[in-house]
Amino acid sequence: VYKRQPQEGPEALLTTIRHINGLPVWGVKLQMLHVLKDADLSKTYEAGAFELWDRETYVETVCDALELLRPDIVIHRLTGDGKRENLVAPLWTTDKRRVLTEIQQEMLRRKSHQGMRYSGNNIVF
């Protein structure tokens, strides 16, 4: 299980996807980092130590990741949501349907699909 560190950007996720492609895995779950009340991370976030991705960055990065991901790997989750009453940030994650719709629309706009940029052990750019 890999959990994103708050300071990591989109390229870190894509590097992880490339690594996963070389492993004998059959499924992945993608989820935005959530800051929840009463968690140590909330204090760090509120102190301004890191920024969270905006919805547009998340959608673009998930689509990039899907294009790189081996086509035989099952996607169990594209986004997640914390309990609204416990969520500090990002608040846009509370509209899960919108996020999923935007991912679908972006993939259609790109005329893309899972594994489009994956070719055996080589990534096609």
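This text follows the structure it describes.
Criteria and thresholds
Residues numbered from 1 in each chain as written. Predicted model: local features only at pLDDT ≥ 70, side-chain atom pairs only at ≥ 80, totals over all residues. Heavy atoms only, no water. Helix = DSSP H or I, 4+ residues; strand = E, 2+ residues; numbered from the N terminus. Rg over C-alpha atoms; globule rule 2.2 N^0.38 Å. Contact = heavy atoms within 4.5 Å. Areas by Shrake-Rupley, 256 points an atom, 1.4 Å probe, with all protein chains shown as cover. Lys, Arg positive; Asp, Glu negative; His and termini not counted. Charge placed at Lys NZ, Arg CZ, Asp CG, Glu CD. Axes fitted to C-alpha atoms, helices over the stretch in contact; angles between N-to-C directions. Parallel < 35°, antiparallel > 145°, perpendicular 65-115°, else oblique. Left-handed = near helix turned anticlockwise from the far one by under 90°. Nonpolar A, V, L, I, M, F, W, Y, C, P; charged D, E, K, R; others polar. Core = buried A, V, L, I, M, F, W, Y, C linked by side-chain atoms within 4.5 Å. Buried < 20%, exposed > 50% of the residue type's maximum accessible area, 1.4 Å probe, protein only.

The next point concerns the overall build of the protein. From N to C terminus, the protein includes 4 helices and 6 strands. Going from N to C terminus, the protein has its helices and strands arranged as α-β-β-α-α-β-β-α-β-β. Computed over its C-alpha atoms, the radius of gyration of the protein comes to 15 Å, within 12% of the 14 Å expected for a compact globule of 125 residues. For the protein, the C-alpha atoms occupy an extent of roughly 45 × 25 × 25 Å along the three principal directions. Considering only intrachain contacts with a sequence separation of at least 6, the fraction spanning at least 24 residues in the protein is 76%. Only carbon and sulfur atoms are counted for the fraction: they give 51% of the accessible area of the protein, which is about 7800 Å². In the protein, which carries 18 positive and 17 negative side-chain charges, the distance between the mean positions of the two groups comes to 5 Å.

Turning our attention to the packing of helix 3 (residues 55–68) against helix 4 (residues 96–110). The interhelical angle for the contact between helix 3 and helix 4, taken along N-to-C directions, is 55°, at an axis separation of 9 Å. Taken as axis vectors, helix 3 and helix 4 run oblique relative to one another. Crossing hand, helix 3 versus helix 4: right-handed. Of the residues in helix 4, those in contact with R55, Y58, V59, E60, V62, C63, D64, L66 and E67 of helix 3 are R98, V99, E102, I103, E106, M107 and R110. Tallied by class, residues from the contact of helix 3 with helix 4 come to 8 nonpolar, no polar and 8 charged.

Turning to the nonpolar core, a few remarks are in order. Formed by 26 residues in total, the largest nonpolar core has its most connected members in I17, L52, Y58 and I103. Elements that contribute at least two residues to this core include exactly helix 1 (10–21), helix 3 and helix 4. With 7 residues, the top contributor of residues to this core is helix 3. Setting aside residues up to four positions removed in sequence, I17 forms contacts with A65, L68 and L69.

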